[in-house]
Amino acid sequence: MSEKYIKLAKFDFKCLEQCIKNINKYEYEDTDAIGLMGKLFDDIRDNEEFFDDFDYDKWDDWKKKKGIHLDDSNNARGKSNPFVRGIYYILWGKRISLGNSLEKDIGVYENGWGRFSIGFLFAEERLLLGGDTMNTIASYQRNIKYFKDTSEENKDKVDELCRIAHQMGNFVLVPAYFNRFRGFDKDINDCMDGSLCYLKKNNFELEERLQLGNSKKSSKEEKKAFATEHFTGWERESFNKYINIFFLWDYVYAKENEYYVRNLKLDNKGEDRSKSNDDNKLQYKVINENVDIYIKNATTAISRRSKFMAAMLMLAVEFKEESYKEEWTDWHVSSIYKEIVEKVFLKDTVYEDFNSVINEVKKIIQDKQYEEVIKILDTVSSKCEN
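Residues numbered from 1 in each chain as written. Predicted model: local features only at pLDDT ≥ 70, side-chain atom pairs only at ≥ 80, totals over all residues. Heavy atoms only, no water.

Our next topic: the nonpolar core. Membership of the largest hydrophobic core comes to 118 residues, with the highest contact counts inside it found for F13, F247 and F345. The dominant element in this core, judged by the number of residues it contributes, is helix 13 (residues 287-317), at 16 residues. In this structure F247 touches L91, W92, R305, F308, M309, M312, Y337, F345 and F354, once residues within four positions along its chain are discounted. (Core = buried A, V, L, I, M, F, W, Y, C linked by side-chain atoms within 4.5 Å. Buried < 20%, exposed > 50% of the residue type's maximum accessible area, 1.4 Å probe, protein only. Helix = DSSP H or I, 4+ residues; strand = E, 2+ residues; numbered from the N terminus. Contact = heavy atoms within 4.5 Å.)

Below, the structure written as structure tokens:
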């Protein structure tokens, strides 16, 4: 795996304004997303010096001075992140061009869904998707600050989580409006394991979550009727496929051909988060133990997924694009990656871990005799070891 993709796996996307003088110069359509990654490689700098003296107490000041919004939409408070949009397009086929015919035909932008898009992989289901950050520091803010103050060693662990919280392994797509919903639902409490538990157990009907926003429709009732006609909500039967498409194997464990959600606050991979009796709010009497485990689990999951995503980006953009499926013609990534998506990720198959997925991918590639791809997979496999 080339050095630039290994570096990309460690890159802090919230630090883009430190590395790029004018973020607004990166305007692009769907077909330019791969070129956008090339521009990022040209502009990336080793940003570790920005975190040498990182102090969680100064987090808010750091965000104001140096941060760029991680939202991938076109109008996220004027600071949307074009590179995150590019990653979503390349890896998961999320359409990003306002001129796309499908979005025009069904009225996504005309009817107030400008921040969402039906991706190539979800066109049949007509499922709107929006970006989300999985492990947010704010979800455990009070507990993490208390934990950090108990020792210098614990402070170092918190700083490490803060360093990688904006690596691409912490970004994901979720059903439209679920990002906001998970922040207010008392059972989820904006935590990743709680979010996955909800998606495993519940449907998430789009029309029940609608916000008027800039919609040209005159009433919520009209907008609800429009959504019911043109879009579908999340269905819990898609949970296994969702885990596979978005590379979330560190957040679940496999049992009897089904995925169960791990409790990130416990050191037992076999603990089902949905069966936990706690309310996802760490209690002070067990704070050191629980926060320590959570930080270790979250840090490992973000880091490992970042490396896997970097390898998949390399497969998607460094190899030849050829005709593969008619409905994916406008998704400009390599045919190798499209085949992997169709035969490995777009399946209900339950995988044990990253390496079992990589072994499945290698079976496909070996038939094509792509020795270079095998080397990439072997490299990322070694980097995804526990």
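After that view of the structure, there is still more to cover.
Tallied over the entire structure, the rule returns 31 aromatic pairs. Ring centres 5.8 Å apart and planes at 55° place the aromatic pair W92 and F247 in the tilted group. Of the two residues, W92 sits in helix 5 (residues 82-92) while F247 sits in the loop between helix 12 (239-245) and strand 4 (252-255), which places them 155 residues apart along the sequence. Both residues of the pair, W92 and F247, belong to the buried class. Look at W249 and F308: their rings are 5.5 Å apart centre to centre, the planes differ by 85°, and that puts the pair in the edge-to-face class. One end of the pair, W249, is in the loop between helix 12 and strand 4; the other, F308, is in helix 13, and 59 residues separate them in sequence. Exposure remark for W249: the relative accessible area of 2% places this residue in the buried category. Cluster of aromatic residues (ring-pair linked, three or more members): Y88, W92, F122, W234, Y242, F246, F247, W249, F308, F345, Y351 and F354. (Phe/Tyr/Trp six-rings, centres within 6.5 Å; stacked < 30°, edge-to-face > 60°.)

Taken together, three strands build an open sheet; the order of strands is 1-2-3 and the sheet is antiparallel. Edge positions in the open sheet fall to strand 1 (117-118) and strand 3 (171-175), since each of these has one partner strand only. With five bridges connecting them, strand 2 (residues 128-133) and strand 3 associate as antiparallel partners. When the sheet's bridge partners are listed, G130 is paired in strand 3 with V174. Running over the sheet, helix 5 touches strand 2 and strand 3 and is turned about 70° from strand 3. (Pairing = 2+ DSSP bridges. Axes fitted to C-alpha atoms, helices over the stretch in contact; angles between N-to-C directions.)

This part takes up the packing of helix 7 (residues 141-148) against helix 8 (residues 152-164). Axis separation between helix 7 and helix 8 bottoms out at 7 Å; the angle between their running directions is 140°. With respect to helix 8, the axis of helix 7 lies oblique. Along the contact surface, helix 7 presents I144, F147 and K148, while helix 8 presents N154, K155, K157, V158 and L161. The residue makeup of the contact of helix 7 with helix 8, split by class, is four nonpolar, one polar and three charged. (Parallel < 35°, antiparallel > 145°, perpendicular 65-115°, else oblique. Nonpolar A, V, L, I, M, F, W, Y, C, P; charged D, E, K, R; others polar.)

Here the focus is the side chain of T299. Residue position: T299 is located in helix 13. With a relative accessible area of 15%, T299 lands in the buried category. Among the polar contacts made by the side chain of T299, one reaches the main-chain carbonyl oxygen of I295 at a distance of 2.7 Å. Leave out the neighbours within four places in its chain, and T299 touches E160, L161 and I164. (Polar contact = N/O pair within 3.5 Å; in protein donor to acceptor, adjacent residues only side chain to side chain.)

For helix 14 (residues 335-345), the tally of buried residues reaches nine of 11 residues, placing the bulk of the element in the interior. The complete set of buried residues in helix 14 reads S335, I336, Y337, K338, E339, I340, V341, V344 and F345.

We now examine the confidence of the model for the protein chain. Predicted coordinates in regions of low pLDDT should not be interpreted in detail. Looking at the protein chain, the pLDDT average stands at 79 and 76% of residues meet or exceed 70. Highest mean pLDDT in the protein chain belongs to helix 12 (96); lowest belongs to helix 4 (residues 59-66) (58). Here residues 276-286 is a poorly scored stretch, pLDDT under 50, and it has 23 contacts once near neighbours within four places are set aside; other chains count. (pLDDT = per-residue confidence, 0-100.)

The next thing to look at is the pairing of strand 2. Put simply, side chains in a regular strand alternate between the two faces of the sheet. Among the six residues in strand 2, six count as buried, and that is most of the element. By the alternation rule, side chains of strand 2 split into L128, G130 and D132 and L129, G131 and T133, which are all buried. Across two bridges, the pairing between strand 1 and strand 2 is antiparallel. The residue of strand 2 that forms the bridge with S117 is L129.

Quick look at the pairing of strand 4 now. Here strand 4 runs beside strand 5 (residues 258-261); their pairing, made up of four bridges, is antiparallel. Bridged to A254 within strand 5 is Y259. Taking the residues between adjacent antiparallel strands as the criterion, strand 4 and strand 5 are bridged by two residues, where E256 takes a positive phi near 50°.

This brings us to the pattern of salt bridges. Pairing between side chains of opposite charge can happen when their charged atoms approach one another. Across all of its chains, the model carries 15 salt bridges by this definition. Salt-bridge contacts for R182 lead to D190; the nearest nitrogen and oxygen are separated by 2.8 Å. D190 carries the same exposure label as R182, and that label is buried. With a shortest N-O distance of 2.7 Å, K200 and E258 are connected by a salt bridge. (Salt bridge = Lys/Arg side-chain N within 4 Å of Asp/Glu carboxyl O.)

The next subject is unusual backbone geometry. Positive phi outside glycine occurs at Y177, with the angle close to 75°. Among the secondary structure elements, Y177 is positioned in the loop between strand 3 and helix 9 (178-184). The backbone of N257 shows a phi angle near 60°, a positive value even though the residue is not glycine. Positionally, N257 belongs in the loop between strand 4 and strand 5.

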